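Chain and residue survey
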Amino acid sequence: MKTKLYLIIVLLIIPIISMANIPIDSTKTNGKKLFTVVLDAGHGGKDPGKYVANTKESDIALKVVKLLGKQLESHRDIKIIYTRTKDVFVGLDQRAAIANKAKADLFVSVHCNAAAATSAKGNETFVLGLHNNAANLEVVKRENSVILLEENYEEKYAGFNPNDPSSFATNLMIQEEYLDNSIELAANVQTKFDKDLKRKNRGVKQAGLAVLRLSYMPSVLIETGFLTNKEERTFLRSKSGQKKVANSIYNAVLDYQKNRDVNLFEVEEIDTSNVVLEPVANNTIYKVQISASGNKVETKSYNFKQLPEISREKEGGIYRYFTGNFSSLKPASELRALAVSKGYTSAFIVVYENGIRRRL
Ligand SMILES: [Zn+2]
């Protein structure tokens, strides 16, 4: 009798188990790998984010994310995962964990900016920065401060001081790998905003934002506009404004995805036509990358704060700008310091070995 009962239970369980193995999105795949995007509406619940004149950053972020998600979901090869779809609190580590667990191809965090000066305006997109940058510290403090609302944050974020991004102990080597792609997406977003919103383009910036540090994939944090600026607040509160913002991000993500598809079949080529290959020992060239953006700018010194020997390379929809061209590291380090002092605070050295560029 007992054996029979077990058999019945087993027979009942088998179909349930095999059903559980069927991916929910099987209808979407068509045999092609889904491009997974995690959409992260900043803040929520007990953390409204910036709260100005009855306008909560958490509300606007969620509305934009939902509009954006709806548009992206209409593509059968794109899978969307939300870190939240309601007004609830989600810790920064949880948000990143959701994205890491999904092995997402992209992490897109949506926020609104704020400043003491009500005249401050425009939009900017952040990628992870590995060093402190005083100019971005206010954004870093504000967007990281939510950690203080989390229970046991000292344990969870081992030794992290939200006001000091450099105190964050994570595997930065891993994230370095994703930086170029993050910059590409960020540049796409800023280019679309520039074209569609016609607002001040504050550019692509680098900062030690916790949520970007914890997610191991190309990740950006978008500041869609200033809630402290009346005109931008009104725009962001409006349905049409939210739609415009969502649509710009949507187009930026699609452009990014298109480039990924191409790269599956083509070997990535770097245009080295600007590189003067002098007959130096071991064929190594050092340059300093000063910026990367969607905009094509003439490689004239006066366009780059009088820095010398400007060169440009196009890759994956963005332009990278370099200064200098040396066969040894020392003058490149000195030029990097000069570039930083002139305001290119995230400038870094790249090295070309036999025409192949890598970040130093
Ligand atoms: Zn925020």
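Let us look at the structure shown here. (Residues numbered from 1 in each chain as written. Predicted model: local features only at pLDDT ≥ 70, side-chain atom pairs only at ≥ 80, totals over all residues. Heavy atoms only, no water.)

Another aspect to go through is the environment of Gly122. Here Gly122 shows up in the loop between strand 5 (106-113) and strand 6 (123-128). Residue Gly122 is classed as buried on the basis of its relative accessible area of 0%. Sequence separation between Gly122 and Thr224 is 102 residues, and the spatial gap between their C-alpha atoms is 7.6 Å. (Helix = DSSP H or I, 4+ residues; strand = E, 2+ residues; numbered from the N terminus. Buried < 20%, exposed > 50% of the residue type's maximum accessible area, 1.4 Å probe, protein only.)

Attention shifts here to the coordination of the zinc ion. When a metal holds four donors in a tetrahedron, each ideal angle between them is 109.5 degrees; when it holds six in an octahedron, the ideal angles are 90 or 180 degrees. Around the zinc ion, the protein contributes the donor atoms His43 (NE2), Glu57 (OE), His111 (ND1), Glu143 (OE) and Glu143 (OE), at 2.0 to 2.4 Å from the metal centre. Taken in sequence order, the residues that donate to the zinc ion follow the motif H-x13-E-x53-H-x31-E. In this pair, Glu57 is assigned in helix 3 (residues 57-73) and His111 in strand 5, connecting sequence segments 54 residues apart. Of the residues examined, His111 reaches a relative accessible area of 5% and is grouped as buried. (Donors = N, O, S within 2.8 Å, 3.2 Å for Na, K, Ca; no water.)

Our next topic: the sheet that holds strand 12 (residues 348-353). Here 5 strands make up an open sheet; going across it, the order is 10-11-9-12-13 and the pairing antiparallel. In this open sheet, the two strands that pair with only one neighbour each are strand 10 (310-315) and strand 13 (356-359). Between one strand axis and the next, the sheet turns through 35 degrees on average, direction left out of account. In the packing of helix 11 (residues 329-341) onto the sheet, the strands contacted are strand 9 (284-293), strand 11 (318-326) and strand 12, and the crossing angle to strand 9 comes to about 20 degrees. (Pairing = 2+ DSSP bridges. Axes fitted to C-alpha atoms, helices over the stretch in contact; angles between N-to-C directions. Contact = heavy atoms within 4.5 Å.)

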